[in-house]
Amino acid sequence: MSSSSFPEEKFRWGMLLSDTRYRGTSLQVITFIVFVAVFFWLVDNTLKNLALLGKDVSFDFLWIRAGYDINQRLIPYTNDSTHAMAALVGILNTLLCAFVGCIIATILGVFVGILRLSKNWIVAKLMSVYIEGFRNVPVLLWIVMVFALLTEFTPAPKAFKGANPEASMFLFDSIAITNRGTYFPAPVWGEGSIWLLIVFFLSVFAVLTLKRHSTKVKRATGKDLPTFWISILLLVAPVVAVYFFLGKPITLNYPFLKGFNFKEGIHLRNSFIALTLALALYTSAFIAEIVRAGILAISKGQTEAAASLGMRPNKIMNLIILPQALRVIVPPLISNYLNLTKNSSLAIAVGYMDVRGTLGGITLNQTGRELESMLLLMGFYLSVSLLISSVINFYNRSFQIVVR
Amino acid sequence: MANVEYVRDKEIPPAPPPLIEVGVIGWVRQNLFSSWFNSLLTILSLYFIFVCLVDFIPWAWGGHWNTKSLRECLDLDPNVACFSVLAARWEQLLFGLYPAEEYWRPTLTFVLLILSIIPILFSRYFRYFWFSVIYPGLAIWLLWGGSFWSIAIVYIGLILGVGAYFILSSKLIKTTSVSLLAAFIFTLFFFGFLSDFLARFLANVLPISLPFIESLKMGGFTLSLIVGVSGIVASFPIGILLALGRQSNLPLIKMICVGFIEFIRGVPLITLLFVASVLLNYFLPPGTNFDIVLRVVIMVTLFSAAYMAEVIRGGLAGLPLGQHEASASLGLNYWQSQRLIIMPQALKISIPGIVNTFIGLFKDTTLVSIISLRDPVGLASTIRADAKWNGIYWELYIAIGLMFFIVCFGMSQYSQYLERKLKTDN
Amino acid sequence: MKKISFLGLVAAVGLTAGMVSAATLDDVKARGNLNCGVSGGAPGFATVDDNGKNVGFDVDYCRALASAIFGDPMAVKFVPLTSAVRFTALAAGEVDILARNTTWTYSRDTDLKQTFLGVNYYDGQGFMVKKDLGVSSTLELDGATVCIQVGTTTELNLADYFKENGMSYEPVPTADNAESQQQYLAGACDTYTTDASALHGTRVNLENPDDHLVLPEIISKEPLGPLVRHGDDQWADIGRWVLNALVIAEEKGITQANIDSWKDTKDAEIHRLLGTGDTDILAMMGMPKNALYNAIKAGGNYGEIFENNLGATSGINIERGVNASWTKGGILYSPPFR
């Protein structure tokens, strides 16, 4: 007889579920089987359904003529281009709207967030109204309303006509705000403008070097070098000098009224402005709250400690508060950028041709390829969002406070 | 000799502060005009408010309420609002195409909704929690109608299933998982073979029923609430499981959960709704065809479950590791420690986040208008397609926006109140 | 038909699982109502009135069909569909018939595997401009900004037309008709293009109709009609002959009001149509003798339906034009009922 204090337990099938040694594994095996089964069930159903409808899964439709026009495009596209081209135009439009929207939203959000903490009662209240107003009404409604606002309260191009026009252009006849969009002068890159660009980048490099040098001096001696005005001079002077030396290579192409519309210049369509602006306003309300929370999260002791070291208020903000607040602010800020990008899929409400409007809208409609179009569309959004969330993860990893 | 000594035996009452430092004037000085910059801001703000309101107030104040069409409004005075559209259509904006004589049903459902939330929100009424549990079934019966028993049978089945588990585990089978399995099979058996028969039998014995209303009749804010509330309620348990799965140390389960969460959070809701309206039919067995509202609710549930999972994960991450270790050292197993120690605390921390998720979801229900469901925004396009109201715009959108604002603002105030309350507690 | 009653809860909100069987009529009868796909909001064709009732030209056709099958014009469930999902919804059996001002085209007939039942509305794409633009022909629109609804055939027609004529244009896509109208009125586009009838209808209802002009050119053919899935000829026949019956009724002067006074007529076709004669030819498509009587009784003949939803009584004021009966100079023409 064995006198072991650990009696050998025989393996029973029930132990697969009850014994913690096996339970994890058996649970995973079951999950895996169920998962695979469900997956194949769905695929099988889809194939059967497609067969019933006489359809197949094929991405060939991407290479046939699209046949429709897109008004706002960043790359050459005509109705003879392929559906793939149309999708690409849409993707670029989505990215453009998201990019510009994020910038405006950040500027507005920081501005509003700081003003909300203002000691001025009326300003603080106004900012609260702004934040609550934009946050608590669906973004779809904002998009539609901003678009209507732009349509109804800006003049038609016709109003600029005649000897005594009802509307006039701004800034020495360079910008025309109409209900078809806003027209800006477009730069014309003449001969030699490449030099200008090179000089500009050289100045930027010089400024960066100066900045690094001043930081080094400061670390070593504690002295502040007067970098601000020097940087401005470094940035502006050489570029201006070269500009005149080369004989003004860059000229502006002003928009002017001809026929039905303004011609030349850069034309930002109202659909783009409305969508971007509405998304920016909506998101800025969230960003404002994030900024406010970030600033409030830094305990008052930090400010007081810095002040007792003899720092001036702007230094306290730059060197003490902001670096710490940013750690709190940046991750939710980026996830708001992601939300803005996803919300840009509502572009259809104002007729802006983003990727959902082209690939997931007209192309899907004209070709009847729902499954393929939706797969591509989801793939696009998913890769954008994975890209952004990897940025968040990277930021979190590099800027985390190391505890213990 | 006259006594010229003077000893003050009373304190001089403090002089009142100068007039410009107290009262309205003082407040104004301190808060609005404390420096030139502040004064500038104040004046700019006042000007801004003036510009916003100068045209709006006369437009809204003089609005017409009693005309029969937009044309009549324009004939009377084209420069003021035409709120008649709201007077004519407010019932539709609230209830969609729900039959007028049954309006009491969505109304009652909404009132009961508030009652059913109370036990969850205020711990002192927790003993009425049973009502919150039966509410979902009651709401479905009230809204859709049909026989009372077809809904009640679900509860009967679940009660029988739970009862079977307790009887089995205490009397017959020692192993928890086996009795769980047995109870599960029993429940399946009940729903598979007995429930239909029993429901029909009960309906014959004690017929309680309401007229059946099809889903397509539901619209307006009723639809927003149906989609929003059922989405959030159904996503809650799924969200908890996903959050636990994401933290799990079983790699496969973690992978599936992370994949699901990242996928759902990575695509816009509108594409998911599009899947619900166009593609879901492809994924199900040929010929299966089910209600568009149910399809939308399923998609919205999956959508909010992913967000809910992240909120709860935040709550879980907010708990000190010591809690896990302490519960483990008490000898509690995984589910016990989750149920008794971890979840109650994690959920408490997550409540504001959950409320915010709900606000977001409720606002997002407007997207169903893009797949032709008649939520308030969808109804707005339907109304604008009526020759009588063709061309109306601001009145409708402002009214819809205002209704959303009231609901969402109320909830966000509540979540902020909770945040403050929870902060002082800890 | 098999029924999954796994959860009463799910069943209650209408999970029905059944094969899209070959006999749509049997499915419809078993269900007790017709599922009809309509537009979510197209002026005159399908919308909801102040009382929450579905109204419109397409809606009335579905009511006539329901009335033919059940004798009850209210036995219809109207499913609002976007232009993107309409064909999928029909193919998947979500609706039995699609009456959603859909243009009959070759590829929809063949590639998408639909059967069009006929044309209930002849349309064509036109342009509306403001008079002060000084344009009298579409060919003068070079460089114009054009408001257009997304997701319709009008987009492709527009692109083709301007290309053929060597002109350029800028599209301003909008989500729906009301949106287009608003953009056009505000001057955000020079011209608004859609089906000409809708343009005429819109114009009449504008604040100053005389300031606007519908240009004479029609750049496309847009025959609109109801459609069903390929593969169920009996169902297609029923839909087709209900439509034809409405047209014949107008030709013969049978109206909702006077339909009962035709019992003694000498016209054999009317007797066959209304089921008042001895021969019952409706049985050939599996319908009761009085099916078409009921269909006409539901909302009147084609002319009445047109008048109530699109014509003067509706406030939309679309002229009959080519949609008049062939006896009155139009091209609406039904095959003989025999």
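Note that this is a predicted model, so its numbers are computed, not measured.

(A) Representation of the overall build of chain A in the model. Helices and strands together make up the secondary structure of chain A, namely 12 helices and 7 strands. Projected onto its principal axes, the C-alpha coordinates of chain A cover approximately 110 × 75 × 50 Å. Counting every position in chain A, which comprises 404 residues, the buried fraction comes to 33%. A separation of at least 24 residues holds for 66% of the contacts in chain A among residues at least 6 apart in sequence.

(B) Highlighting the overall build of chain C. If you tally the helices and strands in chain C, you get 12 helices and 14 strands. In summary, chain C has a C-alpha radius of gyration of 21 Å against a globular reference of 20 Å for 338 residues, a match within 12%. With the C-alpha coordinates of chain C rotated into their principal frame, the extents come out at 60 × 60 × 40 Å. Within the span of chain C, comprising 338 residues, buried residues form 54% of the whole.

(C) Here's a closer look at the interface of chain B and chain C. On the side of chain C, 44 residues touch chain B, which itself brings 43 residues to the contact. Its residues assigned to classes, the side of chain B that touches chain C shows 19 nonpolar, 16 polar and 8 charged.

(D) The arrangement of the pairing of strand β7 (residues 266-269) of chain A in detail. Residue and element names in this part refer to chain A. Residues His-267 and Arg-269 line the buried face of β7, whereas the alternating positions Ile-266 and Leu-268 sit on a face that is not buried. Across 4 bridges, strand β2 (residues 181-184) lies against β7 in antiparallel orientation. Bridge pairing links Tyr-183 to His-267 in β7.

(E) Structural detail: the interface of chain C and chain A. Contacts between the two partners involve 28 residues from chain C and, on the opposite side, 27 residues from chain A. Of all elements in the fold, only α4 (86-91), β10 (144-149), α6 (153-164), β11 (169-174) and α7 (177-186) of chain C reach the threshold of two or more residues within the side of chain C that touches chain A. The leading source of residues in the side of chain C that touches chain A is β11(C), at 5 residues. Residues that form the side of chain C that touches chain A fall into these classes: 14 nonpolar, 9 polar and 5 charged.

(F) Quick peek at the sheet that holds strand β12 (residues 191-195) of chain C. Residues and elements named next belong to chain C. Pairing within the open sheet is mixed, and its 5 strands lie in the order β11-β10-β12-β9-β13. A single partner strand is all that each edge strand has here, and the edge strands are β11 and β13 (212-214). Averaged over all pairs of adjacent strands, the angle between their axes in this sheet comes to 30°, without regard to strand direction. Here strand β9 (residues 125-130) runs beside β12; their pairing, made up of 5 bridges, is antiparallel.

(G) Expanded view of the sheet that holds β7(A). Residue and element names in this part refer to chain A. Ordered by their spatial adjacency, 3 strands build an open sheet running β1-β2-β7, and the pairing between neighbours is antiparallel. Unpaired on one side and paired on the other, β1 (176-178) and β7 mark the two borders of the sheet. For this sheet the average axis-to-axis angle between neighbouring strands, irrespective of direction, equals 15°. With 3 bridges connecting them, β1 and β2 associate as antiparallel partners. Bridge pairing links Ile-177 to Thr-182 in β2. Running at roughly 60° to β7, helix α8 (residues 270-297) makes contact with β2 and β7 of the sheet.

(H) Highlighting the nonpolar core. Counting 255 residues, the largest nonpolar core has A:Ile143 and B:Leu273 as the members making the most contacts within it. It is α8(A) that provides the largest number of residues to this core, a total of 16 residues. What B:Leu273 contacts, discounting residues up to four positions off in sequence, is B:Val296, B:Met299, B:Leu367, B:Val368, B:Ile370 and B:Ile371.

(I) Main features of unusual backbone geometry. The phi dihedral of B:Ser372 is positive, around 75°, even though this residue is not glycine. Along the chain, the position of B:Ser372 falls in the loop between α14 (334-364) and α15 (376-384).

(J) Examining the confidence of the model for chain A more closely. Counting all residues, the mean pLDDT for chain A is 84, and 94% of those residues have values of 70 or more. Looking over chain A, one finds the lowest element-wise mean pLDDT in helix α1 (residues 15-18) of chain A, namely 66, and the highest in helix α3 (residues 83-116) of chain A, namely 93.

(K) Broad picture of the environment of C:Leu117. Residues and elements named next belong to chain C. When you line up the elements, Leu-117 lands in the loop between β7 (114-116) and β8 (121-123). Judged by the 26 C-beta atoms lying within 10 Å of it, Leu-117 is buried. Sequence-wise, Leu-117 and Leu-199 are 82 residues apart; in three dimensions their C-alpha atoms are separated by 26 Å. With residues up to four places along the chain from it excluded, the contact list for Leu-117 reads Gly-225, Pro-226, Leu-227, Val-228, Ala-236, Gly-239, Arg-240 and Leu-243.

(L) Representation of the pairing of β11(C) in the model. Residues and elements named next belong to chain C. By the criterion of burial, β11 is predominantly enclosed, with 5 of the 6 residues buried. Two elements, β10 and β11, share 6 bridges in a ladder whose sense is parallel. From the neighbouring strand, Ala-144 faces β11, where its bridge partner is Tyr-169.

(M) The environment of C:Asp142, seen in detail. All names here are of chain C. Its location among the elements puts Asp-142 in the loop between β9 and β10. With 13 C-beta atoms counted inside 10 Å, the residue Asp-142 sits in the partly exposed group. Residues Asp-142 and Arg-338, 196 residues apart in the sequence, show an inter-C-alpha distance of 52 Å.

(N) How the structure looks around the packing of helix α4 (residues 121-135) of chain A against helix α2 (residues 36-61) of chain B. For the pair α4(A) and α2(B), the least separation of the axes is 8 Å and the interaxial angle reads 45°. Accordingly, the angle class assigned to the pair α4(A) and α2(B) is oblique. For the element pair α4(A) and α2(B), the recorded crossing hand is left-handed. Counting all contacts with α4(A), which are made through A:Ile122, A:Val123 and A:Leu126, the residues of α2(B) involved are B:Leu41, B:Thr42 and B:Ser45. In the contact of α4(A) with α2(B), the residues fall into 4 nonpolar, 2 polar and no charged.

(O) Highlighting the environment of B:His64. Residue and element names in this part refer to chain B. Considering the arrangement of structural elements, one finds His-64 in the loop between α2 and α3 (70-76). The spacing of His-64 and Ala-81 is 17 residues in sequence and 6.3 Å in space, taken between C-alpha atoms. Contact partners of His-64, with chain neighbours within four places excluded, come to Cys-73, Leu-76, Val-80, Cys-82, Phe-83 and Ser-84.

(P) Up close: the packing of α4(A) against α8(A). Residue and element names in this part refer to chain A. As a packed pair, α4 and α8 sit with axes 8 Å apart at the nearest point and diverge in direction by 125°. Here α4 lies oblique to α8, going by the angle between them. Considering the relative orientation of α4 and α8, their crossing is left-handed. Facing α4, whose interface residues are Tyr-130, Ile-131, Phe-134 and Arg-135, α8 presents Leu-281, Tyr-282, Ala-285, Phe-286, Ala-288 and Glu-289. Partitioned by chemical class, the residues of the contact of α4 with α8 number 8 nonpolar, no polar and 2 charged.

(Q) Quick look at the confidence of the model for chain C. All names here are of chain C. In the predicted model, chain C carries a mean pLDDT of 85, and 93% of its residues have values of at least 70. The least confident element of chain C is helix α1 (residues 8-12), whose mean pLDDT is 41; the most confident is helix α3 (residues 57-70), at 94. Two numbers describe this predicted complex: its pTM, 0.87, and its ipTM, 0.85.

Quick notes on the rules
Residues numbered from 1 in each chain as written. Chains lettered and ligands numbered in written order. Predicted model: local features only at pLDDT ≥ 70, side-chain atom pairs only at ≥ 80, totals over all residues. Helix = DSSP H or I, 4+ residues; strand = E, 2+ residues; numbered from the N terminus. Buried ≥ 20, exposed ≤ 12 C-beta atoms within 10 Å, placed from the backbone. Contact = placed C-beta atoms within 7 Å. Rg over C-alpha atoms; globule rule 2.2 N^0.38 Å. Nonpolar A, V, L, I, M, F, W, Y, C, P; charged D, E, K, R; others polar. Pairing = 2+ DSSP bridges. Axes fitted to C-alpha atoms, helices over the stretch in contact; angles between N-to-C directions. Core = buried A, V, L, I, M, F, W, Y, C linked by C-beta atoms within 7 Å. pLDDT = per-residue confidence, 0-100. Parallel < 35°, antiparallel > 145°, perpendicular 65-115°, else oblique. Left-handed = near helix turned anticlockwise from the far one by under 90°.

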